[in-house]
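Reading the structure
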Amino acid sequence: MCGIAGIWNYAGGTPAEHRVQSMLRAMRHRGPDGQGLHRFVGGACGMVRLALVDLSPRGNQPMWSPCGRIAVVFNGEIYNFREERSRLESRGYAFHSTTDTEVLLALYQEHGLECVNYLRGMFAAAFFDWRESGLDQPPTVTLLRSPMGIKPLYVSEVGTGSQKTLVFASELRALLASGLVSSRVSQAALR
């Protein structure tokens, strides 16, 4: 089942990694097989893992690209990952796990957002990309969800102007556990 969470463009008092850790605790039931967390300039991301494909620690997340400039947290299943893995291996890509997550990461590295055209499955993912910036800068963040929307991905923007912070998670209770998202219903959004 897994669960992903993250905060981006954050400049608050409580460290982002502490907030993401609270979010992950709220989703612990989704991933009893492991937990990963990464702090970066302006935020943090993490996931709780239910290991199904590759039970080894090589499947832990966030998972990093070989260049060390792209990370992903992923919840779901890519049904055609074996076919895509074979295609990528024939082009020289070396894999270190047997996970569909690593295949997703390789497809994103190779095709950017067009990677969705190669995927069959149900998923929600967040990519953190430092290829255009240094690792000492905030990454570009891309949230991705399969067209049918089977795997949940809740997103909230909090704050105003350039100080808008993006908060995302696989569960609403995790968004609330961040301490950044209000539980008050927006009347404007409800209309």
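Described in the following lines is the structure provided in the data block. Because the structure is predicted, anything quoted here is derived from the model rather than measured. The numbering scheme is per chain: residues are counted from 1 as the chain's sequence reads. In keeping with the predicted nature of the model, local features appear solely for residues at pLDDT of at least 70, side-chain atom pairs appear and are counted solely at 80 or more, and the whole-chain, interface and lining totals rest on all residues. Side-chain calculation: all heavy atoms of the structure are included, whereas hydrogens and water are not.

1. Some thoughts on the nonpolar core
- Put simply, buried Ala, Val, Leu, Ile, Met, Phe, Trp, Tyr and Cys residues joined by side-chain atoms within 4.5 Å make one nonpolar core. Throughout this description, buried means an accessible area under 20% of the type-specific maximum (1.4 Å probe, protein chains only), exposed means over 50%, and partly exposed covers the range between. Ranked by size, the top nonpolar core spans 21 residues in total, and within it Val72, Phe74, Leu88, Leu104 and Phe127 carry the most contacts.
- Helix and strand definitions follow DSSP, with helices as H or I runs of at least four residues and strands as E runs of at least two, each counted in order from the N terminus. Contributions of two or more residues to this core are made by β5 (70-78), α2 (81-90), α3 (100-111) and β6 (121-129).
- The leading source of residues in this core is α3, at six residues.
- Residues are treated as being in contact if the distance between any of their heavy atoms lies within 4.5 Å. The contact partners of Phe127, leaving out residues within four places of it in the chain, are Ile70, Ala71, Val72, Leu104, Leu105, Tyr108, Thr140, Val141, Thr142 and Leu144.
- Ile7, Ala44, Val167 and Val181 belong to the second largest nonpolar core, which has 17 residues in total.

2. Focus: the packing of α2 against α3
- Running from N to C, α2 and α3 cross one another at 50°; their axes reach a closest spacing of 10 Å. In this view, α2 runs oblique relative to α3, as classed from their interaxial angle. Considering only the axes of α2 and α3, their crossing is left-handed. Here Phe81, Glu84, Arg85, Arg87 and Leu88 of α2 come into contact with α3, specifically with Asp100, Val103, Ala106, Leu107, Glu110 and His111.
- Gly counts as polar in this scheme, as do all residues outside two lists: the nonpolar Ala, Val, Leu, Ile, Met, Phe, Trp, Tyr, Cys and Pro, and the charged Asp, Glu, Lys and Arg. Classifying every residue of the contact of α2 with α3 by side-chain character gives five nonpolar, one polar and five charged. Helix axes are fitted only over the stretch in contact, all axes being lines through C-alpha atoms; the angle between N-to-C directions runs from 0 to 180 degrees. Should an angle fall under 35 degrees it is called roughly parallel, over 145 degrees roughly antiparallel, and 65 to 115 degrees roughly perpendicular, with every other angle called oblique. Each crossing gets its hand from how the near helix is turned against the far one by less than a right angle, where anticlockwise is left-handed and clockwise is right-handed.

3. A few points about the sheet that holds β5
- The antiparallel open sheet is built from four strands, whose spatial order is β4-β5-β6-β7. Of all strands in the sheet, those bounded by a partner on one side alone are β4 (63-64) and β7 (140-145).
- The pairing criterion for strands is at least two bridges between them, as found by DSSP. As judged from the nine bridges shared by β5 and β6, these two strands associate in the antiparallel manner. Across the sheet, Ile70 pairs through a bridge with Asp129, a residue of β6.
- Each of β4, β5, β6 and β7 is contacted by α3, which is oriented at about 125° to β5, the strand it contacts most.

Note that all results are geometric; they support no functional claim without further evidence.
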